[in-house]
Every structure is written in structure tokens, then in C-alpha cells.
Amino acid sequence: MSSPLRHHDPPRLGPFVLQARLGTAPAGLVYLGQGPDGRAVSVAVLTTGAALDGAAKDRFVTAIRAAARGRGGGDLPPIVAMHDGQAPWVAVPYVPGGPGAERFLDRIMVSGMLTGRRSGPDFAPYWLGDRDPALPGPPGPPPPPTATRRSVVLASALLAALTLTLATVVWQLLFRGGGDFHPRPPLPATHFVPTPPPEPPAPQQQEPQESATPRPGQPSPAVSPRPGGPDDEGEPI
């Protein structure tokens, strides 16, 4: 009898869309799914605890691979699809009332694990109470963007042009520029000739002043009259 999906049930496993729960087992859960072509399938997946148990996971995957090679026995239905990664699952055709994918979960529980003939003390695995399906991990980061062919060609052409330009400049500096270079002639030597110190100018001789005594035949120089008249004797000193 099927029951609705719960909040922690995966919406799909591989290409199959899950529609309902068909049942639970100690090591996993069984779902009713639908393939891309509309085919109804029975999908079995391990619980989280059973998927982390290496021995339980190995028994589950071994039973799936044996059935895929036709060596699983008559009690195992034919396999439609499978996944044996981190969260393995198997899908078989859904037949109402017939054997489904739960047959692969039964192969996990062996004698001494609450099943089979009792011949000694029994034990329960630590994950027996787990009821959460094992889900694949989150997808990894997307691959880094790759350059298109056009971008690669343009970058290569630009690099080649820069390399050619640099080589041309180096050739001009080392080869062609070296042949046309003429060294400048050296400057003539400088000869220092000392000059004599400057001499002070010679003093000029003053001409003798002519006497105020008139020569014979020459008029006497005019004498300006004293102020105050002839009788003025002047001011006492």
C-alpha cells in the first residue's frame, strides 16, 4: 500500500520522478516512480545510516550488480536502472502485488542481524532506527568558464603583435641604430692665459690759475663794490 511522500523524501532519483512511498525496510525505503517514457518503476534506496556502513552498502551494491549480470537468482526482478555511488539506488519494473525493489534491501540483513535462523546472540546495527533516505551530495562547483575559440585566436594574435613590435624595437636599438651612430668630436682644450691686474689711472695735473694781477695794457678786473658804502667799516668780528 502506497503512502504520500514526506518532506525529507527526494523528489526524484536519477531520471525517475518519485510519486509515493511503497514501503520501508530496516535498511532502506521503496518508492513508486515514473520514468521519462511514462513507465512505472519501483525504486529502492538505502537509508543514510546504511549508506554510511561500508558492509551494508557493499551487500546492496553486490546484489544489484549480480542481478544486472543475470546472476542474482530468480527472486530478484530485472533491473531498469541503478546507481552505485555515494547514495546507491536501484529501479525495477513496478508490478502491483509482485516483487519490487525491496528484494535488494532484504539482501542487506543477514543472519545475526535480526533475521534468519537464530543460532546465537543477535545484534542490531547502529543505523537500524534511521528512516531518512540517503541522498547524493550537493553538486560541486561549476567548472571554470572556458574561453571560446575566437577569444583564444584574438589573444594569440595580440600577443604575436606585441612580440613582433618588441623585437623590432630591440633590433633598431642594437643593430641599425649602432651603425649610424657617430661619436661627437671632443671639445678643444682650454688654455688659461692670466691677465695683468688693472692699473689705477694717472692723476691729471691741474693747470696753474692765472693771477688776478692784470698785465700791462689789460683792463683790471671788475671788483664788485662792498655793500654799505665807502665809509662802512663792516661789522666787528
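Shown above is the structure to which this text applies.
Residues numbered from 1 in each chain as written. Predicted model: local features only at pLDDT ≥ 70, side-chain atom pairs only at ≥ 80, totals over all residues. Heavy atoms only, no water.

(A) Main features of the pattern of salt bridges. Counting across every chain of the model gives four salt bridges. The partner of Arg21 in a salt bridge is Asp9, and the shortest N-O contact between them spans 3.0 Å. Separated by 12 residues along the polypeptide, Arg21 in strand E2 (residues 16-25) and Asp9 in the segment before strand E1 (12-13) bring together distant segments of the chain. Here Asp9 falls in the buried class, since its relative accessible area comes to 8%. The closest approach of N and O atoms between Arg39 and Asp37, which form a salt bridge, is 3.9 Å. The exposure class of Arg39 is partly exposed, given its relative accessible area of 41%. Taking relative accessible area as the criterion, Asp37 reaches 59% and is therefore assigned exposed. (Salt bridge = Lys/Arg side-chain N within 4 Å of Asp/Glu carboxyl O. Helix = DSSP H or I, 4+ residues; strand = E, 2+ residues; numbered from the N terminus. Buried < 20%, exposed > 50% of the residue type's maximum accessible area, 1.4 Å probe, protein only.)

(B) Structural context of a nonpolar patch on the surface. A contiguous nonpolar surface patch, about 760 Å² in accessible area, is contributed by Leu166, Val169, Val170, Trp171, Leu173, Leu174 and Phe175. For Phe175, the position within the fold is in helix H4 (residues 149-179). With a relative accessible area of 57%, Phe175 lands in the exposed category. (Patch = residues over 30% accessible without salt bridge, like charges linked within 9 Å, V, L, I, M, F, W, Y side chains within 5 Å. Areas by Shrake-Rupley, 256 points an atom, 1.4 Å probe, with all protein chains shown as cover.)

(C) Molecular detail of the layout of surface pockets. Counted as a void, the largest pocket has a volume near 230 Å³. Along the walls of the largest pocket sit 16 residues, with Leu22, Gly23, Val30, Tyr94 and Glu102 positioned nearest its centre. Across the lining of the largest pocket, the residue classes break down as eight nonpolar, seven polar and one charged. (1 Å grid on protein atoms, 1.4 Å probe; cavity = no way out; pocket = protein on both sides within 12 Å on 5 of 7 lines; lining within 4 Å. Points joined across faces, edges and corners; volume = space filled by probe spheres on them. Nonpolar A, V, L, I, M, F, W, Y, C, P; charged D, E, K, R; others polar.)

(D) Summary view of the pairing of E2. Pairing of E1 with E2, which is carried by two bridges, proceeds in the antiparallel orientation. Note on E2: the bridge partner recorded for Arg12 is Val17. Counted along the chain from E1 to the antiparallel partner E2, the turn is two residues long, and its residue Gly14 has a positive phi close to 60 degrees. Across seven bridges, the pairing between E2 and strand E3 (residues 28-34) is antiparallel. What sits directly across from Thr24, in E3, is Leu29. Following E2, the chain reverses through two residues before pairing antiparallel with E3. (Pairing = 2+ DSSP bridges.)

(E) Here's a closer look at the sheet that holds E2. Taking strand neighbours across the sheet as the criterion, the six strands line up as E1-E2-E3-E4-E6-E5 in an open arrangement whose pairing is antiparallel. Two strands lie at the open edges of the sheet, namely E1 and strand E5 (81-83), each paired on one side alone. Where strand E4 (residues 40-46) and strand E6 (residues 89-93) come together, five bridges link them in antiparallel fashion. Residue Val41 lies in a different strand from E6, and its bridge partner there is Pro93. Packed onto the sheet, helix H2 (residues 54-68) meets E4, E5 and E6 and runs at close to 35 degrees relative to E6. (Contact = heavy atoms within 4.5 Å. Axes fitted to C-alpha atoms, helices over the stretch in contact; angles between N-to-C directions.)

(F) Structural detail: the nonpolar core. In terms of nonpolar packing, the biggest core is built from 23 residues, with Leu46, Phe60, Val90, Phe104, Leu105, Ile108 and Trp127 touching the most fellow members. When contributions to this core are tallied by element, the ones reaching two or more residues are E4, helix H1 (48-52), H2, E6 and helix H3 (102-106). In terms of residues, this core owes the most to one element, H2, which gives five residues. Formed by 11 residues, the second largest nonpolar core is a distinct cluster that contains Tyr31, Val41, Val43 and Ala81. (Core = buried A, V, L, I, M, F, W, Y, C linked by side-chain atoms within 4.5 Å.)

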